[in-house]
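Examination of the molecular architecture
Residues per chain are reported as follows:
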Amino acid sequence: DFDKVCGRPEFAIKIDVPDETMVERILKRAETSGRADDNEETAKKRLSTYHQQTEPTIAQLELEGVPIYQLDGRKSPDEVWADLVEQCPLIGTRV
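Here's a quick rundown of the structure. Each chain has its residues counted from 1, running along the sequence as written. Note on the predicted model: pLDDT of at least 70 is required for a residue's local features to be given, and 80 or more for side-chain atom pairs to be given and counted; whole-chain, interface and lining totals, by contrast, use all residues. Based on all heavy atoms of the structure, the side-chain values leave hydrogens and waters out of the count.

Here the focus is the nonpolar core. Residues belong to one nonpolar core when they are buried, are Ala, Val, Leu, Ile, Met, Phe, Trp, Tyr or Cys, and are joined through side-chain atoms within 4.5 Å. Burial classes follow relative accessibility: with a 1.4 Å probe on protein chains only, a residue under 20% of its type's maximum area counts as buried, one over 50% as exposed, and anything between as partly exposed. Counting seven residues, the largest nonpolar core consists of F11, Y69, L71, V80, L84, C88 and I91. Note on conventions: DSSP H or I runs of at least 4 residues are helices, E runs of at least 2 residues are strands, and numbering of each starts at the N terminus. Only β2 (68–72) and α4 (77–87) provide two or more residues apiece to this core. Working rule for contacts: check all heavy atoms of both residues, and any pair within 4.5 Å makes them a contact. If we skip the residues at most four places from it in the chain, L71 touches I13, K14, I15, D16, V80, D83, L84 and Q87. A12, I58, V66 and I68 belong to the second largest nonpolar core, which has five residues in total.

Okay, here's the thing in structure tokens:
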């Protein structure tokens, strides 16, 4: 049981990015990464796994009253970080 091993989470962070954008980013990374798994087929499998496993976890956390901070991941990494610091008091006080 997660709570017994790790304790109850104080919050969760969900960075929303459309699947199409994620595939584009992975294919762009493939141009320089040298990773054999940076291809469209593998990217779509990863996204499928994400939707099957992570979305139910987020839903359960919401049911349990754990704050979920949702961020727009289409933005630049610096903008996403700024949004996180602004929206999530627990992060903002630790930076």
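Back to the write-up after that little detour.
So, about the packing of aromatic side chains. Planes of paired rings set the category: under 30 degrees apart is stacked, over 60 is edge-to-face and the rest tilted, where pairs are Phe, Tyr or Trp rings (Trp by its six-membered ring) whose centres lie within 6.5 Å. Enumeration according to the criterion identifies one aromatic pair in this entry. When the ring of F11 is compared with that of Y69, the centres are 5.9 Å apart and the planes differ by 75 degrees; the resulting orientation is edge-to-face. Residue F11 is located in the loop between α1 (2–6) and β1 (12–16), and its partner Y69 is located in strand β2; the two are separated by 58 residues in the primary sequence. Assigned by exposure class, F11 and Y69 land together as buried.

Let us now look at the side chain of D38. Along the chain, D38 turns up in the loop between α2 (19–33) and α3 (40–63). The exposure class assigned to D38 is buried, which follows from its relative accessible area of 6%. N or O atoms within 3.5 Å of each other form a polar contact, as long as, within protein, one can give a hydrogen and the other can take it, and as long as residues adjacent in sequence are counted only when both atoms are side-chain atoms. One polar contact links D38 to R29, side chain to side chain, over a distance of 2.6 Å.

A separate point is the environment of D38. Residues D38 and Q87, spaced 49 residues apart in sequence, show a C-alpha to C-alpha distance of 32 Å. Those residues within four positions of D38 in sequence are excluded, and the remaining contacts are I26, L27, R29, A30, S33 and R46. A distance of 2.8 Å separates the side chain of D38 from the side chain of S33, its partner in a polar contact.

Another point: the packing of α2 against α3. Here the axes come from fitting lines to C-alpha atoms, over the contacting stretch only for helices, and the angles between their N-to-C directions go from 0 to 180 degrees. Between α2 and α3, the shortest axis-to-axis distance is 10 Å and the interhelical angle comes to 140 degrees. Classified by the angle between their axes, α2 and α3 sit oblique to one another. The two elements α2 and α3 cross, and the hand of that crossing is right-handed. Residue-level contacts link D19, M22, V23, I26, L27 and R29 of α2 to E40, A43, K44, R46, L47 and H51 of α3. Comment on the angle field: the value is read as roughly parallel under 35 degrees, roughly antiparallel over 145, roughly perpendicular from 65 to 115, and oblique elsewhere. Note on convention: near helix rotated counterclockwise from far helix by under a right angle means a left-handed crossing. Clockwise means right-handed.

Bringing the pattern of salt bridges into the picture now. One speaks of a salt bridge when a side-chain nitrogen belonging to Lys or Arg is within 4 Å of a carboxyl oxygen belonging to Asp or Glu. Counted under the stated rule, the structure contains 11 salt bridges. In this structure, R35 engages D37 in a salt bridge whose closest nitrogen and oxygen atoms are separated by 2.9 Å. A salt bridge links K75 to D83; the nearest nitrogen and oxygen atoms lie 2.7 Å apart. Salt bridges linked by common partners bring R29, R35, D37, D38 and R46 together as one network.

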